[in-house]
Amino acid sequence: MSDTFYDEQDFLSSQTPINLGVSACLMGEKVRYDGGHKKCDFLLDKLLPWVNITPFCPEVKAGLGIPRPAIRLAQIDSELRVVGTKDSQLDVTETLNRASDELCQQASGLTGFLFCAKSPSCGMERVKVYDEKGNPLVATRSGIFADKIRHQYPLLPCEENGRLNDDLLRNSFLTRLFCFARWQAMLREGLNAARLLEFHSRHKYLLLAHSQSHYREAGKSLANLKSQPIEVIAQHYLCILMAGLACVATRKKHTNVLMHLQGYFKNHLEKSDKTALTEMILRYQQGLLPLSSPIEILKHHLRHYPDDYLQIQYYFAPFPAQLNSSSVI
């Protein structure tokens, strides 16, 4: 048995490609209505080495041109339309819908999607909707293309560029993205009961850190693998897993997991080491230390007291360390 954790090659394996759909403007492509772009530094500087990118621009696909009149979402006669910002007589609703439908078919097989915020086509959420006179309504929604992607692929990890500035939201997206890549890799190997149980075992503590209720529900969903076809059980399990990982992992939840992990060493550590580990976990809980501090201590103890089950846990590194933020909880 190895005395180290799975290494970065796990993330780089050709068996786990990460196919990321991206709004083309985030790649620095000058496809916006004004001929500009919305280059995403995190995507290009950090994430790019780990993913295969497919750019999408529904407005260009619709033949709206570059540059082109700015468009916005409008509620007209109880119907959502896409009209010109300056000229409301310009209506590209049907054209943009057709282009978005075509691009949705091309998105099959993606591992995740990164959208451009506030865009009437690609905004993931909080896109403004206006009335017939150009006044913003209270209600907001997703852009036309983003809405179709999320409805056609409801389990696909999605995020938008603006939210990547938040450490917790960015790490949540990365956690779901790399987890979904591992799921796709498992399916390519061939789904069976043994692989499904192994997949769950490796993600148990990661799921617990995000949602205790989903953790329990996921376990119950795999309690009887002969009750239904394995494909049905696996799909149900994946719905629970992705919903759970979408929940925010708080200090309280992480502390609960860290205490569970500490229990594995109760018969190995000296009293002073036990006390030091407990104090570090409590200092993390109080906001005095980052999560990486107790994690590194636990990994240190695991190297001295190897445990087959703990060493395969993705909780210790749900995605490559190079993508992590030192300020995350």
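Predicted model only: the values in this text are computed from it and were never measured.

A tally of helices and strands in the chain yields 13 helices and eight strands. Over its C-alpha atoms, taken along the principal directions, the chain stretches across nearly 75 × 45 × 35 Å. Of the contacts formed within the chain by residues at least 6 apart in sequence, a portion of 70% connects residues at least 24 apart. For the chain, the accessible surface area stands at approximately 16200 Å², while carbon and sulfur atoms represent 50% of it. Across the chain, the mean location of the 38 positive side-chain charges is 4 Å away from that of the 34 negative side-chain charges.

The omega torsion of the bond from Ile66 to Pro67 falls at -5 degrees, within 30 degrees of zero and hence cis. Secondary-structure assignment places Pro67 in the loop between helix H3 (58–61) and strand S3 (71–76). One non-glycine residue, Ser78, adopts positive backbone phi at about 65 degrees. With respect to the helices and strands, the residue Ser78 is situated in the loop between S3 and strand S4 (79–84). Phi is positive for Lys118, which is not a glycine, with a value near 70 degrees.

Below, the discussion takes up the side chain of His214. Here His214 is to be found in helix H8 (residues 212–221). For His214, the residues in contact, after removing those within four places along its chain, are Leu207, Ile240, Ala243, Gly244 and Cys247.

Bringing the pairing of S4 into the picture now. Sheet analysis places S3 next to S4, joined by six bridges and oriented antiparallel. Residue Ile76 lies in a different strand from S4, and its bridge partner there is Glu79.

Okay, the sheet that holds strand S7 (residues 136–141) next. Strand order in the open sheet formed by four strands is S4-S3-S6-S7, with mixed pairing between adjacent strands. For this open sheet the edge positions go to S4 and S7, each flanked by a neighbour on one side alone. Pairwise comparison of adjacent strand axes, ignoring direction, gives a mean angle of 45 degrees for this sheet. Relative to S4, helix H4 (residues 93–106) is tilted by about 100 degrees, and along the sheet it contacts S3 and S4.

Once that is clear, we can look at the packing of helix H7 (residues 193–210) against helix H10 (residues 251–262). Axis separation between H7 and H10 bottoms out at 7 Å; the angle between their running directions is 145 degrees. Contact residues: Tyr205, Leu208, Ala209 and His210 in H7; Lys253, His254, Asn256, Val257, His260 and Leu261 in H10. The residue makeup of the contact of H7 with H10, split by class, is five nonpolar, four polar and one charged.

Once that is clear, we can look at the packing of aromatic side chains. Taken as a whole, this structure holds 12 aromatic pairs when the rule is applied. With a centroid separation of 6.4 Å and 75 degrees between ring planes, the pair formed by Phe115 and Phe145 is classed as edge-to-face. Taken together, the residues Phe115 in strand S5 (residues 112–115) and Phe145 in helix H5 (residues 144–152) connect sequence positions 30 residues apart. Like Phe115, the residue Phe145 is buried in the burial classification. One residue, Arg170, lies across the ring of Phe42, its end atom 5.3 Å from the ring centre. Seen from the ring of Tyr314, Arg182 lies directly overhead, with NZ or CZ sitting 3.7 Å from the centre.

With 14 residues, H4 extends 20 Å from end C-alpha to end C-alpha; this agrees with the ideal 20 Å at 1.5 Å per step. Looking only at H4, the buried set comprises Thr93, Leu96, Ala99, Ser100, Leu103 and Cys104. Within H4, the buried residues cover an arc of 145 degrees as seen down the axis, which keeps them to one side. Along H4, exposed side chains directed more than 90 degrees from the buried face belong to Arg98 and Gln105. Where H4 is buried, its residues touch strand S2 (52–56), H3, S3, S4 and H5.

All right, on to the environment of Tyr215 then. Tracing the backbone through its elements, the reader meets Tyr215 in helix H8. The sequence separation of Tyr215 and Val129 amounts to 86 residues, and the corresponding C-alpha distance is 37 Å. In contact with Tyr215, other than residues within four places in its own chain, are Lys204, Leu207 and Leu208.

Moving on, we get to the sheet that holds S2. Pairing within the open sheet is parallel, and its four strands lie in the order S2-S1-S5-S8. Each edge of the sheet is formed by a strand with only one pairing partner; in this case those strands are S2 and strand S8 (158–160). Each strand of the sheet is rotated relative to its neighbour by a mean of 20 degrees, with strand direction disregarded. Those strands touched by H5 are S2, S5 and S8, and its axis lies near 165 degrees from that of S5.

A word on helix H12 (residues 292–304). Here H12 contains 13 residues, and its C-alpha end-to-end distance of 19 Å stays within 8% of the 18 Å for a straight helix at 1.5 Å per residue. Within the span of H12, buried status applies to Pro294, Ile295, Leu298, Lys299, His301 and Leu302. Within H12, the buried residues cover an arc of 160 degrees as seen down the axis, which keeps them to one side. Those residues of H12 that are buried lie in contact with H10, helix H11 (271–285) and helix H13 (308–311).

What counts and what doesn't
- Residues numbered from 1 in each chain as written.
- Predicted model: local features only at pLDDT ≥ 70, side-chain atom pairs only at ≥ 80, totals over all residues.
- Heavy atoms only, no water.
- Helix = DSSP H or I, 4+ residues; strand = E, 2+ residues; numbered from the N terminus.
- Contact = heavy atoms within 4.5 Å.
- Areas by Shrake-Rupley, 256 points an atom, 1.4 Å probe, with all protein chains shown as cover.
- Lys, Arg positive; Asp, Glu negative; His and termini not counted.
- Charge placed at Lys NZ, Arg CZ, Asp CG, Glu CD.
- Pairing = 2+ DSSP bridges.
- Axes fitted to C-alpha atoms, helices over the stretch in contact; angles between N-to-C directions.
- Nonpolar A, V, L, I, M, F, W, Y, C, P; charged D, E, K, R; others polar.
- Phe/Tyr/Trp six-rings, centres within 6.5 Å; stacked < 30°, edge-to-face > 60°.
- Buried < 20%, exposed > 50% of the residue type's maximum accessible area, 1.4 Å probe, protein only.
- Lys NZ or Arg CZ within 6 Å of the ring centre and 35° of its normal.
- Expected span 1.5 Å × (residues − 1).
- Arc of directions from axis to C-beta.

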